[in-house]
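One-letter residues, chain by chain:
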Amino acid sequence: MLTAASMRNRGLLYGGLGILAVIVIALVAPSHGYYLNIMMQAATYAIAVVGMVVVLGYCGQISLSQAGFLGIGAYCVAIGTVDYGMPFFLALAVGVAVSGICGLILGLTTLRLGGHYIGMVTISFQIILTMVLTNWLGFTHGPDGISGIPRPTLFGVDLSGGNVYLGLCLLFLGAVTIYALFLKASQLGRAMQAVRDNDLAASTCGINVFRTKVIAFGISAAVGGLGGGLFAGAFGYISPDQFTFNDSVVLLTMALLGGVEYSFGALFGTVLLVLLPEWLRFLRQAYLAVYGAAVIAIIIFLPRGMWGLVTARFFKPGPIPAGKEAALPLLARQAVPSQEVVLNIAALAKHFGGLKAVDDVDMTVRRGSVHALIGPNGSGKTTLLNVITGLYVTTAGKVEFLGQDVTTLAPHDRARLGMCRTYQNIRVFRGMTVLENVVIGAERAGNDVSGIDATMERALAALDFVGLRDAAHLPVGDLPYGHQRYVEIARALAGSPEILLLDEPGAGLNLTEKGEMAELLKRLQGHGMTIVIIDHDMKLIERVADHITVLNFGRRIADGDPKFALNHPEVIAAYLGEPHRDAA
Ligand code: ADP
Ligand code: MG
């Protein structure tokens, strides 16, 4: 996690080092022959592998058509320069655009398809593309391929010399690698990682999951097209059998091997997989077996790839950002009793086939109140929260938030209006640090912060509020269970919600932790936060609730102030037929 200033410095540093490296490599590289070819292949493939890092490593979407995008870029350059006499760089730009658009279209299928199905779609796309390249003789020259692809000149400077062109490829590779690095630390990159780690939680943090996936596919494909276009110029000859499904698998393996979450990993994985077959040539027939075994071994023993190993070893988490004493805006407020309705649901129903999980429920939540939702296990509490936040489509009824009918709005649009929640089964973004998790909450569209520095301050303030600033740079999975619940709450608070919906925040906590949770809720209440809370712990509910709604078998059986609701005969019957002593 970086501030704007340190991002700039890092960019300059990497840029400078990159250009230096390019000059050195281009100077020592041979100007033609075998080794040059290997370096050309590694450089152009590595660009395409960076695309895999974006779509699979950042966004978690399996793509098995990267060789297809490589091919689209290569064919645009080949056909553009050879058949239409276009300048090289224009043809290259066309290649990037065409493959990028194909990637966006492929990404659109994620609206209806998720998980493994999207993998199948990309395989189909790859296979169809190979067929088109092979059989559309009039346009692609068919299986014979296209030869005589020229290398570029730029402003009269000839870039066709072997090591000069290699230098050009390396410059593009460096630019793409650094772009991917910055993308990862950007709001879009964080959104991608949130989608990868937990798409439901991402959506209720205000992230448009579908749009994020489509953009990831588009970027990945465009980058693949760039690698392909440069590949065509590197070898001067291309044919359909260079861009098949097998090659897509190789590109995937390169990404996994190097470390799919790291753009630098793409370089490592690619170089290794380009060189490995060359090194193993002396094995003759046994080559494929040894190659396969080596790849499997590396993937098993280095689950985060080679670059993952390097970062774990040499990049320790930085110091915790010094506390500019920014506070949550919430803390400036004092609770004042209000009759304003924040959330109103009317005749709400959610049926799963014949099961009426929520049936004809009315509920009104007023500003500044703590509204408890209780009921036996399976009575529909979580389902109700899912319908309110838009994760489930309503079967019937209406949800109004701040006077606006939101019944048909997507979860991220409801989050934008200020609806933030936590989950009964914790849903943190496991691949990210505590601070990054909370920053995603602070970046909620509609939250009044702008710029990474202000967003960071807000996130740190939220961590302060729950007492977790010291854990800011830890991977969130390293935290004990109870603290992960606080991370979820901090993530929601960082978004300055109009309403905070908590699904069993006390579940899984020990007695002390439960006491602390009650304290936290009291503090929130004191600052006028509007809260809906589900919990089984009656002591906790009694300490904090202003109003209680009781569900049983999906129906509302009582609604009113705590004394009234807990002593309602139907409630007593639902809770083992015993009146609740403390409430009486
Ligand atoms: P609670 O949170 O009050 O314990 P839930 O809302 O989780 O209860 O569940 C209410 C009922 O709805 C249960 O019978 C549960 O099995 C059912 N249910 C919840 N989610 C689904 C789903 N996605 N598909 C089918 N049934 C569901
Ligand atoms: Mg539940």
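Above this text you will find the structure in question.
Predicted model, so just to flag it, every value in this text is computed and none were measured.

K.L.:
What exactly am I supposed to notice about the coordination of the magnesium ion (ligand 2) here?
P.N.:
Angles between donor atoms at a metal ideally measure 109.5 degrees for a four-coordinate tetrahedral arrangement and either 90 or 180 degrees for a six-coordinate octahedral one. Around the magnesium ion (ligand 2), the protein supplies Thr382 (OG1) and Gln424 (OE1) as donor atoms, at distances of 2.0 to 2.2 Å. In this pair, Thr382 sits in helix α15 (residues 381-389) while Gln424 sits in the loop between β10 (419-421) and α17 (434-442), placing the two residues 42 residues apart along the sequence. Given the relative accessible area of 26%, Thr382 is considered partly exposed.

K.L.:
Can you walk me through the pattern of salt bridges in this structure?
P.N.:
Side-chain pairing between opposite charges can occur once the charged atoms of the two side chains come close. Taken as a whole and judged by the stated rule, the model has 14 salt bridges. Between Arg304 and Glu261 there is a salt bridge, and its shortest N-O distance comes to 3.1 Å. Of this pair, Arg304 sits in the loop between α13 (287-301) and α14 (305-314) while Glu261 sits in the loop between α11 (245-258) and α12 (263-279), and the two are 43 residues apart along the sequence. Arg555 is the salt-bridge partner of Asp359, the closest N and O atoms lying 3.0 Å from each other. Of this pair, Asp359 sits in strand β6 (residues 355-366) while Arg555 sits in strand β14 (residues 555-560), and the two are 196 residues apart along the sequence. Here Asp359 falls in the buried class, since its relative accessible area comes to 13%. By relative accessible area, Arg555 is classed as partly exposed at 41%. Via salt bridges that share partners, Glu340, Arg367 and Glu498 belong to a single interconnected network.

K.L.:
How should helix α5 (residues 116-135) be read in this particular structure?
P.N.:
Over its 20 residues, α5 runs 29 Å from end to end, which matches the ideal 28 Å to within 8%, given 1.5 Å per residue. Along α5, the residues that are buried comprise Ile118, Gly119, Val121, Thr122, Ile123, Phe125, Gln126, Leu129, Thr130 and Leu133. Along its buried surface, α5 packs onto α3 (66-83), α4 (88-108), α6 (137-140), α10 (209-235) and α11.

K.L.:
Help me understand the pairing of strand β8 (residues 396-401), please; the structure alone is not making it clear to me.
P.N.:
Where a strand is regular, its side chains alternate between the two sheet faces. As defined by bridge partners, strand β5 (residues 341-352) adjoins β8 across five bridges and the pair is classed as antiparallel. Bridged to Ala346 within β8 is Lys398. Across two bridges, the pairing between β8 and strand β9 (residues 404-405) is antiparallel. Within the sheet, the bridge partner assigned to Phe401 lies in β9 and is Gln404. Connecting the antiparallel pair β8 and β9 is a turn made up of two residues, with Leu402 showing a positive phi of about 50°.

Conventions used here
- Residues numbered from 1 in each chain as written.
- Chains lettered and ligands numbered in written order.
- Predicted model: local features only at pLDDT ≥ 70, side-chain atom pairs only at ≥ 80, totals over all residues.
- Heavy atoms only, no water.
- Donors = N, O, S within 2.8 Å, 3.2 Å for Na, K, Ca; no water.
- Helix = DSSP H or I, 4+ residues; strand = E, 2+ residues; numbered from the N terminus.
- Buried < 20%, exposed > 50% of the residue type's maximum accessible area, 1.4 Å probe, protein only.
- Salt bridge = Lys/Arg side-chain N within 4 Å of Asp/Glu carboxyl O.
- Expected span 1.5 Å × (residues − 1).
- Contact = heavy atoms within 4.5 Å.
- Pairing = 2+ DSSP bridges.

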